[in-house]
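Breakdown of the fold
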Amino acid sequence: AVVSTQSGHYGRGIAYTLLRHIVRLHLLMKVIALTLFLVAAFGWTQARFQDDFEWRFAGPGNGKHCVQILEPADPHTWNDNYFCSKHESINAGFRWSYAGPIRNMRCTQVIEPSDPHTWRDNYICVPHSSPLHLRWSYAGPIGGMDCIRWYEGADPHTWADNYLCAQHYSHFPGSLPSWPSDFRWSFAGVPGGYDCVQIREPADPHTWNDNYFCWRKNKGNPGLRWSYAGRIGGMKCTQIIEPSDPHTWRDNYLCVPPNSPYNFRWSYAGPRGRCIRWYEGADPHTWADNYLCAQHYSHFPGSLPSWPSDFRWSFAGVPGGYDCVQIREPADPHTWNDNYFCWRKNKGNPGLRWSYAGRIGGMKCTQIIEPSDPHTWRDNYLCVPPNSPYNFRWSYAGPRGTCIRWYEGADPHTWADNYLCA
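Residues numbered from 1 in each chain as written. Predicted model: local features only at pLDDT ≥ 70, side-chain atom pairs only at ≥ 80, totals over all residues. Heavy atoms only, no water.

What follows concerns the overall build of the protein chain. When you go through the protein chain residue by residue, the secondary structure sums to 2 helices and 27 strands. Here the protein chain, with 422 residues, has 47% of them falling under the buried criterion. Pairs at least 24 apart in sequence give 61% of the contacts found in the protein chain among residues at least 6 apart. With the model as given, the accessible surface of the protein chain reaches about 20,900 Å², and the carbon-plus-sulfur share is 54%. (Helix = DSSP H or I, 4+ residues; strand = E, 2+ residues; numbered from the N terminus. Buried < 20%, exposed > 50% of the residue type's maximum accessible area, 1.4 Å probe, protein only. Contact = heavy atoms within 4.5 Å. Areas by Shrake-Rupley, 256 points an atom, 1.4 Å probe, with all protein chains shown as cover.)

Moving on: the sheet that holds strand β13 (residues 225–227). Strand order in this open sheet of 3 strands is β13-β15-β14, and the pairing throughout is antiparallel. Every interior strand has two partners, whereas the edge strands, β13 and β14 (236–239), have only one. Direction aside, neighbouring strands of the sheet carry axes that sit 25 degrees apart on average. In this sheet, strand β15 (residues 253–256) lies alongside β13 in antiparallel orientation, the contact comprising 3 bridges. Considered in β15, the bridge of W226 is made with L254. (Pairing = 2+ DSSP bridges. Axes fitted to C-alpha atoms, helices over the stretch in contact; angles between N-to-C directions.)

Counted by the stated rule, this structure contains 5 salt bridges. Between E54 and R56 there is a salt bridge; the shortest N-O distance is 3.1 Å. With respect to burial, E54 and R56 carry one shared label: buried. Its salt-bridge partner being K217, residue D195 comes within 2.9 Å of it at the nearest N-O pair. Remark: K217 occurs in the loop between β12 (212–216) and β13 and D195 occurs in strand β11 (residues 194–198); sequence separation between them is 22 residues. Residue D195 is classed as partly exposed on the basis of its relative accessible area of 26%. (Salt bridge = Lys/Arg side-chain N within 4 Å of Asp/Glu carboxyl O.)

For the protein chain, per-residue confidence averages 81 on the pLDDT scale, and 83% of positions sit at 70 or higher. When pLDDT is averaged over each helix and strand of the protein chain, the minimum, 53, is found for helix α1 (residues 2–42) and the maximum, 95, for strand β10 (residues 183–186). Low confidence marks residues 1–5, where pLDDT is under 50. Its contacts with residues over four positions away, or in another chain, come to 0 contacts. Counting interchain partners and residues more than four positions distant, the pLDDT-below-50 stretch residues 31–47 has 26 contacts. (pLDDT = per-residue confidence, 0-100.)

This brings us to the environment of W278. Structurally, the position occupied by W278 is in the loop between β17 (274–277) and β18 (291–294). As a C-alpha pair, W278 and N211 span 67 residues in sequence and 9.1 Å in three-dimensional space. If we skip the residues at most four places from it in the chain, W278 touches W185, I199, F213, W226, I240, L254, W266, W287, N290, Y291 and L292.

Here 3 strands make up an open sheet; going across it, the order is β16-β18-β17 and the pairing antiparallel. Only two strands of the sheet have a single neighbouring strand rather than two, namely β16 (265–267) and β17. For this sheet the average axis-to-axis angle between neighbouring strands, irrespective of direction, equals 30 degrees. Where β17 meets β18, 4 bridges bridge the pair, whose relative direction is antiparallel. Counted as the bridge partner of I276 is L292 from β18.

Bringing the state of the cysteines into the picture now. All told, the structure shown has 9 disulfides when counted by the stated rule. Paired through a disulfide, C196 and C214 show a sulfur-sulfur distance of 2.1 Å. Between C196 and C214, the disulfide has an S-S torsion of 100 degrees and is therefore right-handed. Residue C196 is found in strand β11, and its partner C214 is found in strand β12; the two are separated by 18 residues along the sequence. C196 gets classed as buried once you look at its relative accessible area, which sits at 8%. C214 sits in the buried class, given a relative accessible area of 0%. (Disulfide = S-S within 2.5 Å.)

Another aspect to go through is the packing of aromatic side chains. According to the stated counting rule, one finds 45 aromatic pairs in the structure shown. Look at W208 and W249: their rings are 4.6 Å apart centre to centre, the planes differ by 55 degrees, and that puts the pair in the tilted class. Of this pair, W208 sits in the loop between β11 and β12 while W249 sits in the loop between β14 and β15, placing them 41 residues apart in sequence. Note on W208: relative accessible area 2%, which makes it buried. For W249, a relative accessible area of 1% translates into the label buried. Joined through ring pairs, the aromatic side chains of W179, F183, W185, W208, F213, W226, W249, Y262, F264, W266, W278 and W287 make up one cluster. Sitting over the face of the ring of Y279, R277 holds its NZ or CZ atom 4.3 Å from the ring centroid. Over the ring of Y322 we find R312, and its NZ or CZ is 5.4 Å from the ring centre. (Phe/Tyr/Trp six-rings, centres within 6.5 Å; stacked < 30°, edge-to-face > 60°. Lys NZ or Arg CZ within 6 Å of the ring centre and 35° of its normal.)

Now the structure itself:
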């Protein structure tokens, strides 16, 4: 009887242990399934550091947007080392310093304790708005991060195990797809060469299970999400409505992140602007004239002009090769009608706007003031979009940081020492 009881307890113990493993496996499968659904439905993807950047120890070669990694005190051929983007569309705004961190940037110390050649004050820096959060290791790659080896074979001071690392991050805005050329609609599944968000209305029986809105694979994920049950909190949403369709097409929305450059508009009565047709031939409820529209969009924050090298001031009209915003004060008689602040034509439009009558609502504005000038120079502002990476500062008493001089020689009111800085 004792043996029988022990056997019963032993059998129940095995059954209980087996049941716990089955439950855990079931939960794991649900998590995996949910993750796959979110990736498929919402296009959640992350970029890899190694896919976008590379180390070069023999010159920049065909690297894009390179920063030279130089330590003048080190004799071991550091003059030809570069850290580069692999893609023309991605400019991370890297800056290198061999003399301490750079002000107003997010900097990571690049150190090799075994190297005697002043490798304790070297930093690689990115703008504060950058999606890159870097870490340095002089003892091999960091677990759980994407790492790129910085190797200089000619340097004997243990440079074989040094890595620059980053967390997974969203694609740089610079690689976002252009509107409308890099997007397409599909009513027959995911097309080759594209990533997509599924556009579905479960209550509609007319084959909406295979409809997708897509963008080219070689572009960044624009962060599109679809909802058939109202707006998605914290996102910028456009209602997708067809009044003639009885299958609950009044609570459907296409959403983008709140700082997205895309400002979509929907039309169920033909195109209005630059549009892409959303067509489901099997649906009889007038889906032949439905369009998603937006302003033309081709320049990206990633291709924005670099500060200060891609900007310039002009007091004699628009210079060749540049786009500009006019800087004028109608009350000032000293030839302010031909003054411009400019950026290179081959760069994206930074969205600058000028006001001589106070701040511009919904923008990030910097006051441009000259206290010695009596011609109403107290209500003038240079403004940028609220999500702009530029954080300008104005000085009417000489440069403070990295600056561009705003000079009008014909104005006698001390405009020789005025600077826009960032």
